[in-house]
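# Coordinates in review
What follows is each chain in one-letter form.
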Protein chains: 2
Amino acid sequence: MTTVLKLGGSVITDKSAPETVDADALAAAATAVTAGATDPAGELVVVHGGGSFGHHHAAEHGVSATEGTDDAATVREIHDAMGRLNAAVLDALGERGVPALPVRPLSAAARDEDSTLTLATTAVERQLGEGFCPVLHGDVVVHEGAGATILSGDEIVAALARSLSVDRVGLCSTVPGVLDADGDVVERVERFADVAEAVGASDATDVTGGMAGKVRTLLDLPVPASVFGSAALRGFLDGDRPGTLVAGPNVEE
Amino acid sequence: MTTVLKLGGSVITDKSAPETVDADALAAAATAVTAGATDPAGELVVVHGGGSFGHHHAAEHGVSATEGTDDAATVREIHDAMGRLNAAVLDALGERGVPALPVRPLSAAARDEDSTLTLATTAVERQLGEGFCPVLHGDVVVHEGAGATILSGDEIVAALARSLSVDRVGLCSTVPGVLDADGDVVERVERFADVAEAVGASDATDVTGGMAGKVRTLLDLPVPASVFGSAALRGFLDGDRPGTLVAGPNVEE
């Protein structure tokens, strides 16, 4: 039984200030991970977004998921910022007894010319097998013909759901789910057309795209994915399906 | 044309003091990398050992290549120390114009129950292809049935020589080559028996083994490997074969 949990960058950081952890939100998320029915030791993979760490540096240098950089110093600047956020997440989990270990996508992933991502799960799988909790993050990744581009946490979730035997996928976001035009949570999305008009850009600037991109990515997955707010994190880890269930044509339930 | 260069931990750190870079030695090595005929942008993979960074923490917790730990905090302590040395190496190279990027083995590798190492080279290969210089390091790695154990830089060199299309392998050490019983450099080693009596433990305590282990590892490679001292680094990168050439039965020259 393997669960992939994405903690949105906007959930655990203050996106309005560079490199600022939202310590209360991160502590609450780490506590929920400890308290939930899902065993974080060997059954849980955590992926977190960049929030005010990665996005700040990426925007400064004009690097995005499609606009790359050949400058190693820029790559390191973005990657190191994400390393500082990753360390904060590992600390918050570790302090609460979760055997969390880092898995840095720059070291394990690559994009080819048509932007297809290859993520080697060698370390993730063995970490799970040995009872650790791998913690990945949005990162910069070397991209054929483009130097290095931004890799979102959502893309990592999708790559994990394809490569590992994953049972449950959850995205903890700043909103309680995918919202319709009236601002109500959509219970289930099976086709992008269901929500195309309602999903726009996310509140804060996000180089890796907002809810529209998230929904498109999740619709491709072989497993259903829940999109929910922080308040529902504990429930998701206990087995509930809070927020919006995104279940595309590849899902066999 | 791909060259794998190992910079020994004892070469770039002061092994007698915890977490101490030998700044002059590191600067000299980085300068040689810049000056040599081998293009560090796309043709060179650097691997460095742990020296006084990794070994210090590993020894403190009794972690070795065979004695593992289940404690995530210990794994992170060793890995983070190696990250600090890796950053110093990346800085030294980067300041001299080498487009060096980190590849952290904990994120890309795993050992199975019989200690066989799997190192995913997804990122290393794409970094080379895009003209970057991947810099790996001795690390802690998750090990089936043992938690996490120490992975030496020499083992990483061997894994790279097996997985990538590698043309040249060089190990820059504190000694000018494999020494015979009289302290003279052996020109060529083809069988372990050639040097069995002469190679003992290395000078300083090294959780990942001394010259004997190095020779055994190199004898298994599909390409010949040179073992040489710092003074010969530039010559090796210019195409010379300084020090000792270790060429085992798998080599087709």
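## Points about the overall build of chain A
Of regular secondary structure, chain A possesses nine helices and 12 strands. In terms of overall dimensions, chain A is globule-like: its C-alpha atoms have a radius of gyration of 17 Å, near the 18 Å expected for 253 residues. If you line up chain A on its principal axes, its C-alpha atoms span 45 × 45 × 35 Å. The buried share of chain A, taken over its 253 residues, is 56%. Within chain A, contacts between residues at least 6 apart in sequence are counted, and of these 75% link residues at least 24 apart. Just so you have it, chain A exposes about 9,400 Å², and 45% of that area is on carbon and sulfur atoms.

## Let's talk about the pattern of salt bridges
Following the criterion strictly, the structure yields 17 salt bridges over all chains and no others. Between B:Arg234 and B:Asp238 there is a salt bridge, with its nearest N and O atoms 3.0 Å apart. Judged by relative accessible area, which is 38%, B:Arg234 ranks as partly exposed. Residue B:Asp238 is classed as partly exposed on the basis of its relative accessible area of 36%. Taken together, the shared-partner salt bridges in this structure form one network comprising A:Lys6, A:Asp154 and A:Lys214.

## A word on the sheet that holds strand E2 (residues 44-48) of chain A
Residue and element names in this part refer to chain A. What the eight strands build is an open sheet, ordered E3-E6-E2-E1-E9-E11-E12-E10; its pairing is mixed. If you trace the sheet from one side to the other, it starts and ends with strand E3 (100-102) and strand E10 (188-189), each paired once. Pairing geometry for E10 and strand E12 (residues 244-246), over two bridges, is parallel. Paired with Arg188 across the strands is Leu245, a residue of E12. Lying over the sheet, helix H4 (residues 72-95) contacts E2, E3 and strand E6 (133-137), oriented at roughly 150° with respect to E6.

## Overview of the sheet that holds strand E10 (residues 188-189) of chain B
Taken together, eight strands build an open sheet; the order of strands is E3-E6-E2-E1-E9-E11-E12-E10 (chain B) and the sheet is mixed. The open sheet has two edge strands with one neighbour each: strand E3 (100-102) and E10 of chain B.

## Comments concerning the pairing of strand E7 (residues 139-143) of chain B
Residues and elements named next belong to chain B. Most of E7 is tucked away: five of the five residues are buried. Alternating residues of E7 divide into Asp139, Val141 and His143 and Val140 and Val142, and every residue in both groups is buried. Judged from the five bridges that link them, E7 and strand E8 (residues 147-151) form a sheet pairing that is antiparallel. The partner of Val142 across the bridge, within E8, is Ala148. Between the end of E7 and the start of E8, which pair antiparallel, lie three residues, with Gly145 showing a positive phi angle near 80°.

## Section: the relation of the copies chain B and chain A
When chain B is fitted to chain A, the best match, at an RMSD of 0.0 Å, comes from turning it 180° and sliding it 0.0 Å along the axis. Such a combination of rotation and displacement between the chain copies is what one expects of a two-fold axis. Of every C-alpha in chain B, the one belonging to B:Ala108 sits nearest the axis of rotation, 2.5 Å from it. A share of 100% of interface residues in chain B that are also interface residues in chain A marks the association as one of identical surfaces.

## Considering helix H8 (residues 211-219) of chain B
Note on helix geometry: an α-helix contains 3.6 residues per turn, so any two residues three or four positions apart are oriented the same way. Among the residues of H8(B), those classed as buried are B:Met211, B:Lys214, B:Val215, B:Leu218 and B:Leu219. The buried residues of H8(B) occupy one face: seen down the axis, they fall within an arc of 125°.

## Remarks on the nonpolar core
A:Leu136, A:Leu160, A:Val169, B:Leu136, B:Leu160 and B:Val169 are the most contacted members of the largest nonpolar core, which totals 76 residues. When neighbours within four sequence positions are excluded, B:Leu160 is seen to be in contact with B:Val4, B:Val45, B:Val47, B:Leu119, B:Thr121, B:Val124, B:Leu136 and B:Val166.

## Observations concerning unusual backbone geometry
All names here are of chain B. The backbone of Glu19 sits at a positive phi, close to 50°, despite the residue not being glycine. Under the relative-accessibility criterion, Glu19 is labelled partly exposed at 25%. Positive phi outside glycine occurs at Ser115, with the angle close to 75°.

## Points about the pairing of strand E9 (residues 168-173) of chain B
Residues and elements named next belong to chain B. Within E9, six of the six residues are buried, leaving the element largely enclosed by the surrounding structure. Residue alternation in E9 divides its side chains into two sets, Arg168, Gly170 and Cys172 and Val169, Leu171 and Ser173, and both sets are buried. Inspection of the sheet shows E9 paired to strand E11 (residues 225-229) by five bridges, in the parallel sense. Along E11, the bridge assignment pairs Ser173 with Gly229.

## Observations regarding the packing of aromatic side chains
Residue and element names in this part refer to chain A. Enumeration according to the criterion identifies two aromatic pairs over all chains in this entry. The interplanar angle of 25° and the centroid separation of 5.0 Å between the aromatic rings of Phe228 and Phe236 together place this pair among those described as stacked. Taking the relative accessible area as the measure of exposure, Phe236 reaches 0% and is therefore buried. For Arg168, the ring lying beneath its charged end belongs to Phe236, and the centroid distance is 4.3 Å. One cation-aromatic arrangement involves Arg216 over Phe192; the distance from NZ or CZ to the ring centre is 3.8 Å.

The rules behind each value
Residues numbered from 1 in each chain as written. Chains lettered and ligands numbered in written order. Predicted model: local features only at pLDDT ≥ 70, side-chain atom pairs only at ≥ 80, totals over all residues. Heavy atoms only, no water. Helix = DSSP H or I, 4+ residues; strand = E, 2+ residues; numbered from the N terminus. Rg over C-alpha atoms; globule rule 2.2 N^0.38 Å. Buried < 20%, exposed > 50% of the residue type's maximum accessible area, 1.4 Å probe, protein only. Contact = heavy atoms within 4.5 Å. Areas by Shrake-Rupley, 256 points an atom, 1.4 Å probe, with all protein chains shown as cover. Salt bridge = Lys/Arg side-chain N within 4 Å of Asp/Glu carboxyl O. Pairing = 2+ DSSP bridges. Axes fitted to C-alpha atoms, helices over the stretch in contact; angles between N-to-C directions. Least-squares fit on C-alpha atoms with pLDDT ≥ 70 in both. Arc of directions from axis to C-beta. Core = buried A, V, L, I, M, F, W, Y, C linked by side-chain atoms within 4.5 Å. Phe/Tyr/Trp six-rings, centres within 6.5 Å; stacked < 30°, edge-to-face > 60°. Lys NZ or Arg CZ within 6 Å of the ring centre and 35° of its normal.

What is shown is where atoms sit, not what they do.
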